[in-house]
Amino acid sequence: MKYSSIPSAQSVVLHCKAKGFKNVVISPGSRNAPLIIGFTEDSSFNCFSVVDERCAAFFALGMAQQTRKPVVLVCTSGSALLNYYPAIAEAFYSTIPMLILSADRPSYKIDIGDGQTIRQENVFQNHILSSLSLKQDVSHATERVLKYAPNFIDGENIEKTQEQIQSHNDKILNQGLNAVLQKMGPVHINIPFEEPLYNTLSMQSIIPQIKHEPSLDSTSSFSDLEELRNIWVNTSRKMVLVGVNQANSIDQMVLDSLCQDPSVLVLTETTSNLHHPDLFPSIDMIIAPLEKLQDQKGYFDALRPELLLTFGGLIVSKKIKAFLRNFKPDRHWHIDRLRAYDTFFALSRHIKMNPNIFLQALLSRQNGPTYKGAYKSYWEDIKQKTLRGREEYVKRIPFSDLLAFYFISMGVPDNYQLHLGNSSTVRYAQLFSWSPRIHVYCNRGTSGIDGSTSTAVGASIHYRNPTLLITGDLSFFYDSNALWNNAIRPDFRIILINNGGGGIFRILPGKIDDPNFETFFETVQELEVQPLCKMFGLHYSVADNSKDLKDMLESFYDTSKKPKLLEIRTSRLLNNKILLDYFDFLSSRLH
């Protein structure tokens, strides 16, 4: 086994090992050679090589999303580090644990015109749990230190100074790694290295001081549980709204209790990973038709909750956000161990607990329904009308994004992991039912299109069953370097909805007839998908009508020796009309 001869590089690897960090995603470079040597020479770590740093960061995010354990990112100095930023922001808002290790040039070589040097410290300061820096060792490359920065050495006592540096670096590493483990988010540690970078030792030369800290308590109680229970029991209109949520995180008994209460509406999204016949899973299918009714205010007054209880991550539906901001609940409680966003400008209580544990406590003394009333039954009738309307509508429309999603949603095998691209993809997915045995994910922390494929590939590494990514054309081409990856499994599947541009902009309010619209908003493209598949070794097929799509879906999930991509081509000029008419059609069924 080999160790880097640089003490700080040894310290980083030994701290990660002692605290159970296993997965390391490395992008190539020279300045990070001491870290690459340390991690790859130690069999305790699973190391992955991803050249493109932006893809590498989303790949790591996908792994951490699945394991709920930190993944280490290692990059060289300079602009390489900046490419991590989109995934770091996503991890920050989605509470995904990541440790970012950036190799840096010595501080005396920054801002002097030296190559591959930027100001790396604190580059992520607005979207990071903690930005930390190690001190440069003086026992390594001592002659260079004495030449360029003699002030680094305390009274020219190299041994004493190195002891102080080691103590400082141990403190920083304990602080940073414990923060990742406790607070479930990204932490950045910047590490300056002086040349030579590739020298190794056969035995470690340091003994780091490791300090473990207990994880945050997710079961803590509070003194006013009885008061909250009384409010809950005596409230006639309660809405539970669930955002991005890990599968199997809520006990079925808890879900049953909520869904059987006539005073409770449980609204979920595809990314909530909650399933029960009495849930309200397609939020926009209810709200969008109501917006078109003459008496929309009367309906919305009837829908307005007195108590809104939320948990999970960010919400996809813009319509439920707009509704709750305009028809505010009297109380809004958010349950999350770490943070609460005032999404609806009505937050009155942040309950810092695991949602399942809190709901168990809240509902524990409940004997039957908490409040008798027509809140749920009234909206259940609306839900059933829209579901019947959906089945009617898809039978009368031509081939389009909406119809493609209808066919796709019915054909995904059980136990698949489903990843959704952002923009129109994740929104179309909300309009249909998916098997309860499919776990659904989407990068909703920042809702960007930039790393969907890389995230799905990374997530597939630690998922026992196959993975399916459904994505749009702009998102796919934007992140095509995600396929430049030796870790893609042969059972990985991609369904690419190619409508020739950013189709969501035809749905959003805007000047579609403006001559600049197609170029600067919709960004019309005619790129070929098949050559990319050939280059990266994916099996390719294409469908542009209902019959071909249904035929291809029958064999698309069959076992294969290499990953598969199915391109679905639809009309960019037709999709927006079909979707907007869909909500008009549903509205007509509510009269």
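Here we summarise the structure given alongside this text.

Conventions used here
Residues numbered from 1 in each chain as written. Predicted model: local features only at pLDDT ≥ 70, side-chain atom pairs only at ≥ 80, totals over all residues. Heavy atoms only, no water. Helix = DSSP H or I, 4+ residues; strand = E, 2+ residues; numbered from the N terminus. Buried < 20%, exposed > 50% of the residue type's maximum accessible area, 1.4 Å probe, protein only. Areas by Shrake-Rupley, 256 points an atom, 1.4 Å probe, with all protein chains shown as cover. Lys, Arg positive; Asp, Glu negative; His and termini not counted. Charge placed at Lys NZ, Arg CZ, Asp CG, Glu CD. Pairing = 2+ DSSP bridges. Right-handed = clockwise from strand over helix to strand, strands pointing away. Expected span 1.5 Å × (residues − 1). Polar contact = N/O pair within 3.5 Å; in protein donor to acceptor, adjacent residues only side chain to side chain. Axes fitted to C-alpha atoms, helices over the stretch in contact; angles between N-to-C directions. Contact = heavy atoms within 4.5 Å. Phe/Tyr/Trp six-rings, centres within 6.5 Å; stacked < 30°, edge-to-face > 60°. Lys NZ or Arg CZ within 6 Å of the ring centre and 35° of its normal. Arc of directions from axis to C-beta. 1 Å grid on protein atoms, 1.4 Å probe; cavity = no way out; pocket = protein on both sides within 12 Å on 5 of 7 lines; lining within 4 Å. Points joined across faces, edges and corners; volume = space filled by probe spheres on them. Nonpolar A, V, L, I, M, F, W, Y, C, P; charged D, E, K, R; others polar.

## Thoughts on the overall build of the chain
Part 1 of the reasoning: Looking only at helices and strands, the chain has 22 helices and 19 strands in total.
Part 2 of the reasoning: C-alpha extents for the chain along the principal axes are approximately 85 × 65 × 45 Å.
Part 3 of the reasoning: By the burial criterion, 57% of the 591 residues in the chain qualify as buried.
Part 4 of the reasoning: Put simply, the chain shows about 24900 Å² of open surface, and 50% of that area lies on carbon and sulfur atoms.
Part 5 of the reasoning: Side-chain charges of the chain comprise 61 positive and 60 negative groups, with the mean position of each set lying 3 Å from the other.

## Some details on the pairing of strand E12 (residues 331–335)
Two faces belong to every sheet, and in a regular strand the side chains alternate between them.
Part 1 of the reasoning: The element E12 is extensively covered by neighbouring structure, given that 4 of its 5 residues are classed as buried.
Part 2 of the reasoning: Direction of pairing for strand E11 (residues 307–311) relative to E12: parallel, over a ladder of 5 bridges. The residue bridging Leu309 from the neighbouring strand is Trp333, located in E12.
Part 3 of the reasoning: On the question of chirality, the crossover connecting E11 to the parallel E12 by way of helix H11 (residues 318–326) is right-handed.

## Observations regarding helix H6 (residues 158–183)
Part 1 of the reasoning: In this model, H6 (26 residues) spans 37 Å end to end at C-alpha, consistent with the 38 Å of a helix rising 1.5 Å per residue.
Part 2 of the reasoning: For H6, the side-chain oxygen to backbone nitrogen distance between the N-cap and Glu159 is 3.4 Å, and the N-cap itself is Asn157.

## Structural notes on the sheet that holds strand E10 (residues 264–267)
Part 1 of the reasoning: Spatial strand order, E10-E9-E11-E12-E13: 5 strands in an open sheet with parallel pairing. Where the open sheet ends on each side, the last strands, each with one partner, are E10 and strand E13 (349–351). Along the sheet, successive strands turn relative to each other by an average axial angle of 20°, direction set aside.
Part 2 of the reasoning: Relative to E13, E12 runs parallel, the two sharing 3 bridges. The residue bridging Trp333 from the neighbouring strand is Arg349, located in E13.
Part 3 of the reasoning: Strands in contact with helix H12 (residues 355–363) are E11, E12 and E13; relative to E11, the strand with the most contacts, it is inclined by about 145°.

## Here we look at the packing of aromatic side chains
Part 1 of the reasoning: Evaluated as defined, the whole model comprises 20 aromatic pairs.
Part 2 of the reasoning: Taken together, a centroid distance of 4.9 Å and an interplanar angle of 85° make the contact between Phe39 and Phe45 edge-to-face.
Part 3 of the reasoning: Judged by relative accessible area, Phe45 falls into the buried class, the value being 6%.
Part 4 of the reasoning: Geometrically, the ring pair formed by Phe405 and Tyr428 is stacked, given 5.3 Å between the ring centres and 10° between the ring planes. Taken together, the positions of Phe405 in helix H14 (residues 401–411) and Tyr428 in helix H15 (residues 424–429) put the pair 23 residues apart, joining distant regions of the chain.
Part 5 of the reasoning: Among the residues examined, Phe405 registers a relative accessible area of 1% and is labelled buried.
Part 6 of the reasoning: An aromatic cluster of at least three residues, connected via ring pairs, comprises Tyr393, Tyr582, Phe583 and Phe585.
Part 7 of the reasoning: Above the plane of the ring of Trp232 lies Lys238, whose end atom (NZ or CZ) is 5.1 Å from the centre.

## Looking at helix H7 (residues 225–233)
Part 1 of the reasoning: When H7 is considered as a whole, its buried residues turn out to be Leu225, Leu228, Arg229, Ile231 and Trp232. For H7, the buried positions fall inside an angular range of 160° around the axis, keeping them on one side.

## Regarding empty space enclosed by the protein
Part 1 of the reasoning: The full count for this structure, using the stated rule, is 3 cavities of 30 Å³ or more.
Part 2 of the reasoning: Counted as a void, the largest cavity has a volume near 70 Å³.
Part 3 of the reasoning: Lining the largest cavity are Leu265, Leu267, Phe280, Ile283, Ile286, Ile287, Leu303, Ile320 and Trp379.
Part 4 of the reasoning: Where the lining of the largest cavity is concerned, the elements lending two or more residues are E10 and helix H9 (283–291).
Part 5 of the reasoning: Grouping the constituent residues of the lining of the largest cavity by class yields 9 nonpolar, no polar and no charged.

## As for the sheet that holds strand E4 (residues 71–75)
Paired through backbone hydrogen bonds, the strands of a sheet run either parallel or antiparallel to each other.
Part 1 of the reasoning: With parallel pairing, 6 strands are arranged side by side in an open sheet as E3-E2-E4-E5-E7-E6. The outermost strands of the open sheet, each flanked by one partner alone, are strand E3 (46–49) and strand E6 (130–133). Neighbour to neighbour, the strand axes of the sheet diverge by 20° on average, direction disregarded.
Part 2 of the reasoning: Strand direction decides the pairing type here: E4 and strand E5 (residues 98–104), joined by 5 bridges, are parallel. Bridge pairing in E5 links Cys75 to Ser102.

## Focus on the environment of Pro262
Part 1 of the reasoning: Its location among the elements puts Pro262 in the loop between helix H8 (252–259) and E10.
Part 2 of the reasoning: Once the C-alpha coordinates of Pro262 and Lys171 are considered, the two residues, 91 residues apart in sequence, prove to be 54 Å apart.

## Points about the pairing of strand E7 (residues 186–192)
Part 1 of the reasoning: For E7, the buried fraction is high: 7 of the 7 residues fall into the buried class.
Part 2 of the reasoning: Side chains of E7 alternate between two faces, with Pro186, His188, Asn190 and Pro192 and Val187, Ile189 and Ile191 buried alike.
Part 3 of the reasoning: Here E6 pairs with E7 via 4 bridges, running parallel. When the bridges of E7 are listed, Ser133 appears paired with Asn190.

## Focus on unusual backbone geometry
Part 1 of the reasoning: Following Glu195, the chain continues to Pro196 via a peptide bond in cis, the omega torsion being 5°.
Part 2 of the reasoning: Within the secondary structure, Pro196 is located in the loop between E7 and strand E8 (200–201).
Part 3 of the reasoning: In this structure, Phe345 takes a positive phi of about 55° despite not being glycine.
Part 4 of the reasoning: Within the secondary structure, Phe345 is located in the loop between E12 and E13.
Part 5 of the reasoning: Owing to a relative accessible area of 54%, Phe345 belongs among the exposed residues under this scheme.
Part 6 of the reasoning: A positive phi angle is found at Ser423, which is not glycine, with a value near 65°.

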